[in-house]
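# Results of the structural survey
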Amino acid sequence: MERVVKLIVQIPCYNEADTLAEVIAAVPRDIPGIASVEVLIVDDGSTDGTAEIAQSAGADHIIQNRSNMGLARTFERGIEASLRAGADIIVNTDGDHQYPGTAIPELIAPILQGIADVVVGDRNAGQNKEFSATKRFLQRLGSSVVRQLSGVDVSDAVSGFRAYRREAALGINVLSSFSYTTETLIQLGRRGLSVASVPVATNAATRPSRLSTSTTKFVALQMLTIIRSYMLYRPLRALGTFAAVLMVLGILPIVRFVYFFSIGEGGGHIQSLVLGSMFFLMGFTTFVAALLSDIIAGNRMLLERTLERQRRADVDADEPG
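Below, the structure is looked at part by part. (Residues numbered from 1 in each chain as written. Predicted model: local features only at pLDDT ≥ 70, side-chain atom pairs only at ≥ 80, totals over all residues. Heavy atoms only, no water.)

## Observations concerning the overall build of the chain
- The helix and strand inventory of the chain stands at 10 helices and 7 strands.
- The buried share of the chain, reckoned over its 321 residues, is 47%.
- For the chain, the share of sequence-separated contacts (at least 6 apart) that also reach a separation of at least 24 residues comes to 74%.
- Counting only carbon and sulfur atoms, one obtains 60% of the accessible surface of the chain, whose full area is about 15,800 Å². (Helix = DSSP H or I, 4+ residues; strand = E, 2+ residues; numbered from the N terminus. Buried < 20%, exposed > 50% of the residue type's maximum accessible area, 1.4 Å probe, protein only. Contact = heavy atoms within 4.5 Å. Areas by Shrake-Rupley, 256 points an atom, 1.4 Å probe, with all protein chains shown as cover.)

## Observations concerning the sheet that holds strand S5 (residues 118–122)
- Taken in spatial order, the 7 strands line up as S3-S2-S1-S4-S6-S5-S7 in an open sheet, and their pairing is mixed. Each edge of the open sheet is held by one strand with a lone partner, namely strand S3 (61–64) and strand S7 (195–199). If you compare each strand with its neighbour and ignore which way they point, the axes differ by 20° on average. (Pairing = 2+ DSSP bridges. Axes fitted to C-alpha atoms, helices over the stretch in contact; angles between N-to-C directions.)

## Some details on the pattern of salt bridges
- The final tally for this structure, using the stated rule, is 5 salt bridges.
- In this structure, Glu80 and Arg84 form a salt bridge, with 3.4 Å as the shortest nitrogen-oxygen distance. In this pair, Glu80 and Arg84 both sit in helix H3 (residues 71–84), 4 residues apart, roughly one turn of the helix.
- Judged by its relative accessible area of 22%, Glu80 is partly exposed.
- In this structure Arg84 comes out as partly exposed when scored by relative accessible area, which is 27%.
- The closest approach of N and O atoms between Asp117 and Arg165, which form a salt bridge, is 2.7 Å. Pair noted here: Asp117 is in the loop between helix H4 (104–112) and S5 and Arg165 is in strand S6 (residues 162–165), with a separation of 48 residues, a long-range link. (Salt bridge = Lys/Arg side-chain N within 4 Å of Asp/Glu carboxyl O.)

## Quick word on the environment of Thr306
- Residue placement: Thr306 occurs in helix H10 (residues 270–318).
- With 135 residues separating them in the primary sequence, Thr306 and Gly171 have C-alpha atoms 9.9 Å apart.

Listed below in structure tokens is the structure:
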């Protein structure tokens with residue numbers, strides 16, 4: 001018997017009353033290969049009647065946070081609710097109508113074809129004229145850094161227009177309270193899942209970004225998220241490289257001291273020995289910390305697998321029908 005495929009489009013929202021009805025109306029309800037399409041709204045403590053607009057616009061599920069929890073927590077709550085509602089594929093889009101609903105069939109196509117676990121909508125951020133020159137440059141730079149750290153070849157790392165296969169969504173764990181985009185890509189790369197990109201057009205901006213009040217702060221928060229995620233999942237590579245640099249910096253002055261000592265002038269270069277020993281010990285200590293962190297990271301992976309199995313059991317028990 002052919003398996004029924006259920007798609008849930010989740011939309012995290014905060015004060016999106018002006019655009020939400022249009023976003024919901026743009027979600028296609030008839031997609032080849034999909035048996036049913038539902039819309040799930042996660043209202044992140046809105047004060048403008050977002051939930052009421054969602055209900056009148058035809059949303060199938062509405063979840064309301066009692067207070068503003070931030071995008072990352074709201075996204076994760078939507079993933080959990082979508083899984084419990086029986087989603088086979090989950091699409092995440094924004095409530096400000098940046099991403100056209102008509103692009104959803106193209107976004108989920110690689111999952112339906114069995115060639116991807118996750119698909120990211122690529123806004124061609126480095127060339128998109130809707131973005132400022134500074135933002136285009138930072139998007140290219142940030143995506144390049146994420147590709148290097150995660151091993152996932154995605155050119156628009158902070159795009160929120162994404163599709164997740166159920167098995168991929170079950171393993172999502174977001175630690176950041178800022179944004180989920182870069183952190184989840186690093187997780188996906190660590191888990192060895194297949195990530196694809198599809199080009200998508202964007203609608204004209206309806207409001208400024210709410211993730212940060214300034215470009216500098218946005219970049220700083222994204223870099224902090226990347227560094228923390230990399231330290232969690234690849235600590236041996238990160239700390240090991242730093243340890244190697246420190247140890248080399250330590251060896252060079254020690255070699256210098258040994259040279260002068262061998263020709264009878266060591267007494268005048270004792271500071272090289274002290275400085276070199278200090279750097280070498282710092283490097284060795286950092287290397288030991290890297291080994292311990294790598295062991296902790298291994299235990300974390302085991303815990304994440306346990307959590308994934310528990311989540312699978314919980315959502316399967318709650319799944320309708």
